[in-house]
Amino acid sequence: MLRRTIVAGLALGLLGACSQPGDGGAGFVNTDITGAKYGQDFKLLDHHGQPRSLADYRGKVVTLFFGYVQCPDVCPTNLSGMAEVMRQLGPDADKVQVLFMTVDPERDTQTLLAEYVPAFDARFVGLYGDLPTTRAVATDFKVFYQKQGDVNGKAYTVDHSTGTYVFDPQGHLRLYVKHAEKPELIAADIRKLLAGK
């Protein structure tokens, strides 16, 4: 009888341990990666040529997506979706910073990023670095990217990771959003982060 009680107690303890890590009862829709030991910061230039790091956006929820300007579908879909998220957030959108980091610094110049990224929403910021910096930041964020096609010319495409990272207002990495997530679900999670969840 005692043995059955101990086994039942252990089973309940294990079930209790199966809740989302880092969730803390916040109930996020997107993947909670609170406590991740990667993607802690970056040192890049914005599309105005100004040095930027995560600390520059402290006090705001920050979303970070890795892509490139000539991307035919995934990148414009992401930026359009984030523009809709901002619309749904209303006045709270001013407490959010959307960042787009290029994985194609050979073609994505400061001028090109300045034309492309804010076209989706004037508050969006494009980020870039030289080749070694791009590689280092992508590696730190566990982002894959690789040229395909005409890799020796300028007509190549770039295969790349398609998720978005989300930081809370204190600058902690909190969420991973899969590609093509519904804007209303992203907005709901952002509201929770703004509320201190």
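Residues numbered from 1 in each chain as written. Predicted model: local features only at pLDDT ≥ 70, side-chain atom pairs only at ≥ 80, totals over all residues. Heavy atoms only, no water.

What follows concerns the environment of Gly-129. Relative to the assigned elements, Gly-129 resides in the loop between strand 6 (125-128) and helix 4 (131-140). Residues Gly-129 and Glu-106, 23 residues apart in the sequence, show an inter-C-alpha distance of 9.7 Å. Once residues lying within four places of it in the same chain are set aside, the contact partners of Gly-129 are Leu-44, Pro-105 and Thr-134. (Helix = DSSP H or I, 4+ residues; strand = E, 2+ residues; numbered from the N terminus. Contact = heavy atoms within 4.5 Å.)

For the rest of this paragraph, the subject is the pattern of salt bridges. When the charged atoms of two side chains with opposite charge come close together, those side chains can pair. Under the defined criterion, the tally for this structure stands at nine salt bridges. A salt bridge links Glu-106 to Lys-147; its shortest N-O distance comes to 2.7 Å. With Glu-106 in the loop between strand 5 (96-102) and helix 3 (110-116) and Lys-147 in strand 7 (residues 145-148), this residue pair connects regions lying 41 residues apart in the sequence. Here Glu-106 falls in the partly exposed class, since its relative accessible area comes to 38%. You can call Lys-147 partly exposed: its relative accessible area is 28%. Connected through salt bridges with shared partners, the residues Asp-94, Asp-121 and Arg-123 form a single ionic network. (Salt bridge = Lys/Arg side-chain N within 4 Å of Asp/Glu carboxyl O. Buried < 20%, exposed > 50% of the residue type's maximum accessible area, 1.4 Å probe, protein only.)

What follows concerns helix 5 (residues 183-194). With twelve residues, helix 5 extends 16 Å from end C-alpha to end C-alpha; this agrees with the ideal 16 Å at 1.5 Å per step. Among the residues of helix 5, those classed as buried are Pro-183, Ile-186, Ala-187, Asp-189, Ile-190 and Leu-193. Buried residues along helix 5 cover an arc of 165 degrees about the axis, so they all sit on one side. On its buried side, helix 5 packs onto strand 4 (61-67), helix 2 (74-89), strand 5, strand 9 (164-167) and strand 10 (173-177). Two residues or fewer after helix 5 comes Gly-196, characterised by a positive phi angle close to 90 degrees. (Expected span 1.5 Å × (residues − 1). Arc of directions from axis to C-beta.)

What follows deals with the side chain of Asn-30. Secondary-structure assignment places Asn-30 in the loop between helix 1 (2-16) and strand 1 (31-32). Non-local contacts of Asn-30, meaning those with residues more than four positions away in its chain, are made with Leu-175, Tyr-176, Val-177, Lys-178, Glu-181, Leu-185, Ile-186 and Asp-189.

Under the counting rule described, the total for this entry stands at eight aromatic pairs. Summarising the aromatic geometry, the rings of Tyr-116 and Phe-120 are spaced 5.3 Å apart at their centres and angled 75 degrees between planes, so their arrangement reads as edge-to-face. Overall, Tyr-116 belongs to the buried group, its relative accessible area being 16%. For Phe-120, a relative accessible area of 24% gives the class partly exposed. Centroid distance Phe-141 to Tyr-165: 5.5 Å. Interplanar angle 55 degrees. Geometry classified as tilted. Here the residue Phe-141 occupies a position in the loop between helix 4 and strand 7, and Tyr-165 occupies one in strand 9, the gap between them amounting to 24 residues. Pair check on accessibility: Phe-141 and Tyr-165 agree, each one buried. In this arrangement the basic side chain of Arg-107 is found over the ring face of Tyr-156, its NZ or CZ atom lying 3.7 Å from the centre. (Phe/Tyr/Trp six-rings, centres within 6.5 Å; stacked < 30°, edge-to-face > 60°. Lys NZ or Arg CZ within 6 Å of the ring centre and 35° of its normal.)

With that out of the way, let us pick up the environment of Val-85. Secondary-structure assignment places Val-85 in helix 2. As a C-alpha pair, Val-85 and Lys-182 span 97 residues in sequence and 8.8 Å in three-dimensional space. Those residues in contact with Val-85 that sit more than four places away from it in its chain are Pro-183, Ile-186, Ala-187 and Ile-190.

The next point concerns the sheet that holds strand 6. Taken in spatial order, the eight strands of this open sheet run 1-10-9-4-5-6-2-3, and their pairing is mixed. Two strands in the sheet have a free side with no partner beyond their single neighbour: strand 1 and strand 3 (51-53). In this structure, strand 5 lies alongside strand 6, joined through three bridges in parallel fashion. Its bridge partner being in strand 6, Phe-100 is matched across the sheet by Gly-126. (Pairing = 2+ DSSP bridges.)

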